[in-house]
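An overview of the molecular structure
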Amino acid sequence: MLAGIDPSSLLKESFMTTRRSFIQILPLAGALALCARGAMAADAVAVDPKDPQAAALGYVTDATKADKAKFAKYAAGQACGGCQLYQGKAGDASGGCAIFAGKKVSAKGWCSAYAKKA
Ligand code: SF4
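Being a predicted model, the structure only gives us computed values, none of them experimental.

Attention shifts here to the overall build of the chain. Secondary structure summary: the chain contains 2 helices and 3 strands in total. Helices and strands in the chain line up, N terminus first, as α-β-α-β-β.

So this is what it looks like as C-alpha coordinates:
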(Lines give C-alpha, C1' and ligand atoms only; values in the text may rest on other atoms or scores of the structure.)
Protein backbone atom coordinates (compact mmCIF):
# COMPACT_ATOMS: atom_id res chain seq x y z
CA MET A 1 0.00 0.00 0.00
CA LEU A 2 1.24 3.46 -0.84
CA ALA A 3 1.70 5.67 2.17
CA GLY A 4 -1.50 7.52 2.91
CA ILE A 5 -3.35 6.44 -0.29
CA ASP A 6 -6.26 4.06 -0.21
CA PRO A 7 -6.11 1.84 -3.36
CA SER A 8 -9.91 1.59 -3.49
CA SER A 9 -10.20 5.38 -3.75
CA LEU A 10 -7.82 5.32 -6.73
CA LEU A 11 -9.98 2.71 -8.46
CA LYS A 12 -13.12 4.69 -7.72
CA GLU A 13 -11.56 7.89 -9.05
CA SER A 14 -10.34 6.10 -12.16
CA PHE A 15 -13.84 4.72 -12.79
CA MET A 16 -15.42 8.14 -12.30
CA THR A 17 -12.89 9.72 -14.70
CA THR A 18 -13.63 7.08 -17.32
CA ARG A 19 -17.38 7.57 -16.95
CA ARG A 20 -16.99 11.36 -17.13
CA SER A 21 -14.84 11.03 -20.24
CA PHE A 22 -17.39 8.72 -21.81
CA ILE A 23 -20.22 11.15 -21.11
CA GLN A 24 -18.15 14.00 -22.53
CA ILE A 25 -17.43 12.22 -25.83
CA LEU A 26 -20.98 10.90 -26.29
CA PRO A 27 -22.34 14.05 -28.05
CA LEU A 28 -19.24 14.13 -30.25
CA ALA A 29 -19.75 10.51 -31.26
CA GLY A 30 -23.40 11.26 -32.09
CA ALA A 31 -22.43 14.29 -34.18
CA LEU A 32 -19.85 12.24 -36.08
CA ALA A 33 -22.41 9.52 -36.76
CA LEU A 34 -24.83 12.13 -38.15
CA CYS A 35 -22.10 13.63 -40.35
CA ALA A 36 -21.19 10.20 -41.69
CA ARG A 37 -24.85 9.52 -42.48
CA GLY A 38 -25.18 12.88 -44.22
CA ALA A 39 -22.02 12.26 -46.23
CA MET A 40 -23.34 8.87 -47.31
CA ALA A 41 -26.62 10.41 -48.49
CA ALA A 42 -24.74 13.16 -50.33
CA ASP A 43 -22.45 10.60 -51.95
CA ALA A 44 -25.32 8.40 -53.14
CA VAL A 45 -25.12 7.66 -56.84
CA ALA A 46 -27.92 8.86 -59.08
CA VAL A 47 -30.13 6.17 -60.54
CA ASP A 48 -29.22 5.54 -64.17
CA PRO A 49 -32.41 5.41 -66.27
CA LYS A 50 -30.66 2.70 -68.33
CA ASP A 51 -30.19 0.49 -65.28
CA PRO A 52 -32.34 -2.65 -65.90
CA GLN A 53 -34.56 -2.08 -62.84
CA ALA A 54 -34.97 1.62 -63.65
CA ALA A 55 -35.70 0.89 -67.31
CA ALA A 56 -38.29 -1.75 -66.35
CA LEU A 57 -40.06 0.84 -64.21
CA GLY A 58 -39.75 3.50 -66.89
CA TYR A 59 -37.68 5.78 -64.66
CA VAL A 60 -36.76 9.11 -66.25
CA THR A 61 -34.96 12.06 -64.69
CA ASP A 62 -37.51 14.41 -66.25
CA ALA A 63 -41.11 13.34 -65.62
CA THR A 64 -42.35 15.17 -68.71
CA LYS A 65 -40.30 12.69 -70.76
CA ALA A 66 -42.06 9.62 -69.30
CA ASP A 67 -43.05 7.08 -71.96
CA LYS A 68 -46.77 7.85 -71.95
CA ALA A 69 -47.52 5.13 -74.51
CA LYS A 70 -45.92 2.42 -72.37
CA PHE A 71 -46.94 3.85 -68.99
CA ALA A 72 -50.47 5.12 -69.40
CA LYS A 73 -50.78 5.76 -65.66
CA TYR A 74 -48.46 8.78 -65.98
CA ALA A 75 -50.31 12.05 -65.56
CA ALA A 76 -48.94 15.55 -65.93
CA GLY A 77 -47.72 16.95 -62.63
CA GLN A 78 -46.52 13.63 -61.26
CA ALA A 79 -42.85 13.63 -60.18
CA CYS A 80 -40.60 11.94 -57.64
CA GLY A 81 -40.77 14.99 -55.38
CA GLY A 82 -44.48 14.32 -54.87
CA CYS A 83 -44.20 10.55 -54.50
CA GLN A 84 -44.71 8.69 -51.22
CA LEU A 85 -41.55 6.69 -51.85
CA TYR A 86 -39.36 9.77 -52.27
CA GLN A 87 -37.04 10.34 -49.31
CA GLY A 88 -35.59 13.74 -50.19
CA LYS A 89 -36.64 16.94 -48.46
CA ALA A 90 -38.89 19.51 -50.11
CA GLY A 91 -36.73 21.72 -52.31
CA ASP A 92 -33.94 19.15 -52.75
CA ALA A 93 -32.96 18.52 -56.37
CA SER A 94 -32.70 14.81 -55.65
CA GLY A 95 -33.17 12.32 -52.87
CA GLY A 96 -33.43 8.70 -51.96
CA CYS A 97 -36.22 6.43 -53.09
CA ALA A 98 -37.49 3.30 -51.36
CA ILE A 99 -37.44 1.46 -54.70
CA PHE A 100 -33.81 2.29 -55.49
CA ALA A 101 -32.11 1.72 -52.14
CA GLY A 102 -28.82 3.56 -51.65
CA LYS A 103 -29.26 5.68 -54.77
CA LYS A 104 -30.76 9.08 -55.54
CA VAL A 105 -33.55 9.95 -57.92
CA SER A 106 -34.25 13.36 -59.39
CA ALA A 107 -37.03 15.29 -57.64
CA LYS A 108 -38.30 16.01 -61.16
CA GLY A 109 -38.06 12.35 -62.20
CA TRP A 110 -40.76 9.72 -62.45
CA CYS A 111 -41.25 5.98 -62.62
CA SER A 112 -44.28 3.69 -62.92
CA ALA A 113 -44.17 2.93 -59.18
CA TYR A 114 -45.22 6.53 -58.53
CA ALA A 115 -47.66 6.85 -55.63
CA LYS A 116 -48.97 10.30 -54.80
CA LYS A 117 -47.91 11.61 -51.42
CA ALA A 118 -50.89 11.75 -49.05
FE1 SF4 B 1 -39.67 8.54 -58.18
FE2 SF4 B 1 -41.59 7.45 -56.70
FE3 SF4 B 1 -40.59 6.14 -58.81
FE4 SF4 B 1 -39.11 6.47 -56.62
S5 SF4 B 1 -41.01 5.29 -56.78
S6 SF4 B 1 -38.45 6.77 -58.75
S7 SF4 B 1 -39.75 8.51 -55.95
S8 SF4 B 1 -41.76 8.08 -58.85
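The next point concerns the nonpolar core. Residues Cys 80 and Trp 110 are the most contacted members of the largest nonpolar core, which totals 17 residues. Once residues within four sequence positions are removed from consideration, Cys 80 is found in contact with Tyr 86, Cys 97, Val 105, Ser 106, Ala 107, Gly 109 and Trp 110.

Once that is clear, we can look at the site of the ligand. Taken together, 13 residues lie near the ligand, and Cys 80, Cys 83, Cys 97, Cys 111 and Tyr 114 sit nearest. Each residue belonging to the shell around the ligand can be placed in one class, and the counts come to 12 nonpolar, 1 polar and no charged.

We now examine the sheet that holds strand E1 (residues 45–46). If you trace the 3 strands from one edge of the open sheet to the other, you get E1-E3-E2, paired in mixed fashion. Among the strands making up the open sheet, the edge pair consists of E1 and strand E2 (94–96). Here E2 pairs with strand E3 (residues 103–106) via 3 bridges, running antiparallel. Bridge pairing in E3 places Gly 95 opposite Val 105.

Within the element layout of this structure, Lys 104 appears in strand E3. Lys 104 sits in the buried class, given 23 other C-beta atoms within 10 Å. Along the chain, Lys 104 and Gly 88 lie 16 residues apart, while their C-alpha atoms are 8.6 Å from each other. Once you skip the residues sitting within four places of it in the chain, Lys 104 turns out to touch Ala 44, Ala 46, Val 47, Ser 94, Gly 95 and Gly 96.

With 2 bridges joining them, E1 and E3 adopt parallel strand pairing. Following the sheet pairing, Ala 46 is matched in E3 by Lys 104. Between E2 and E3, which pair antiparallel and follow one another directly, the connecting turn spans 6 residues, one of which, Gly 102, has a positive phi of 80°.

With that out of the way, let us pick up the environment of Gly 95. Tracing the backbone shows Gly 95 in strand E2. Sequence-wise, Gly 95 and Ala 46 are 49 residues apart; in three dimensions their C-alpha atoms are separated by 8.8 Å.

Quick look at the environment of Gly 58 now. By the secondary structure assignment, Gly 58 is in the loop between helix H2 (52–56) and E2. Between the C-alpha atom of Gly 58 and that of Lys 68, which follows or precedes it by 10 residues, the distance is 9.7 Å. Excluding its chain neighbours within four sequence positions, the residues that come into contact with Gly 58 are Ala 66, Asp 67, Lys 70, Phe 71, Cys 111 and Ser 112.

Thresholds applied
- Residues numbered from 1 in each chain as written.
- Predicted model: local features only at pLDDT ≥ 70, side-chain atom pairs only at ≥ 80, totals over all residues.
- Helix = DSSP H or I, 4+ residues; strand = E, 2+ residues; numbered from the N terminus.
- Core = buried A, V, L, I, M, F, W, Y, C linked by C-beta atoms within 7 Å.
- Buried ≥ 20, exposed ≤ 12 C-beta atoms within 10 Å, placed from the backbone.
- Contact = placed C-beta atoms within 7 Å.
- Near = placed C-beta within 6 Å.
- Nonpolar A, V, L, I, M, F, W, Y, C, P; charged D, E, K, R; others polar.
- Pairing = 2+ DSSP bridges.

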